[in-house]
Amino acid sequence: MPSNTKIEVRRSPRRRRTVSAYRDGDTTVVLVPATFSRAEEKRWVGRMLQRLEAREERRRPGDEELHDRAVELARRYLDGTRLPDSVRWVDNQNSRWGSCTPDTRTIRISRRVAGMPEWVVDYVLIHELAHLFIPHHGREFWELVHRYPKAERARGYLEGFSAGSRAEPCGPELVPDEETLDSTEVALEEE
């Protein structure tokens, strides 16, 4: 469980036997029947926290799995002629979904994408893989990206996600200096 998570237990007289839990920002909410004793509540809170963590771990593939997925996608949709040397998750990309350095064939994907549907992660990978062929966002680039059948759907998902994220006030501190691209990088940024 993330160290900054607060736990809020909500007792419900309508619940009879079910227990559920979810994350709400930095709070973990656990819903239990009002009839539970304090001991039952404590036991179930612990169990639900373990289940949430296990589910979140399954949704966070490591760098090796991400690289393997990128290679598979490159072979399936982009002829497999230009494969990445490195594909990894990064925590310092808050205003872009991914970036690629074609010269070193290095791809970085924002960890924010990790919890999104697999077809959206695949789209971000395809976008960055296409930069191994074409470093700009011209017509040829988009022709490559659109070989992925869910490209438009995934773009819509990311645009909706970005719009929802902007609904909350945010300051300039969300774009750290490390996020500045050097002249050899290209990136998939939020719109």
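Residues numbered from 1 in each chain as written. Predicted model: local features only at pLDDT ≥ 70, side-chain atom pairs only at ≥ 80, totals over all residues. Heavy atoms only, no water.

1. Some points on unusual backbone geometry
Positive phi, close to 70 degrees, is recorded for Asp-79, a residue that is not glycine. Along the chain, the position of Asp-79 falls in the loop between α2 (63–77) and β4 (86–90). Classification of Asp-79 by relative accessible area gives exposed; the value is 56%. Although it is not a glycine, Arg-105 sits at a positive phi angle of roughly 55 degrees. In this fold, Arg-105 is placed in the loop between β5 (96–101) and β6 (106–110). A residue is classified by how much of its surface remains accessible, and Arg-105, at 35% relative accessible area, is partly exposed. (Helix = DSSP H or I, 4+ residues; strand = E, 2+ residues; numbered from the N terminus. Buried < 20%, exposed > 50% of the residue type's maximum accessible area, 1.4 Å probe, protein only.)

2. Thoughts on the sheet that holds strand β1 (residues 6–12)
Strand order across the open sheet formed by three strands is β1-β3-β2, with mixed pairing between neighbours. Strands with a single pairing partner mark the edges of an open sheet, and in this sheet they are β1 and β2 (20–24). Each neighbouring strand pair of the sheet contributes to a mean axis angle of 25 degrees, computed without reference to strand direction. In this sheet, strand β3 (residues 27–33) lies alongside β1 in parallel orientation, the contact comprising seven bridges. Directly across from Arg-10, in β3, lies its bridge partner Leu-31. (Pairing = 2+ DSSP bridges. Axes fitted to C-alpha atoms, helices over the stretch in contact; angles between N-to-C directions.)

3. Observations concerning α2
For α2, with 15 residues, the first-to-last C-alpha span of 21 Å sits near the 21 Å given by 1.5 Å per residue. Taken together, the buried positions of α2 are occupied by Leu-66, Arg-69, Ala-70, Val-71, Leu-73, Ala-74 and Tyr-77. The inward-facing, buried residues of α2 contact β4, β6 and α3 (118–130). Two residues or fewer past α2, Asp-79 is found with a positive phi of approximately 70 degrees. (Expected span 1.5 Å × (residues − 1). Contact = heavy atoms within 4.5 Å.)

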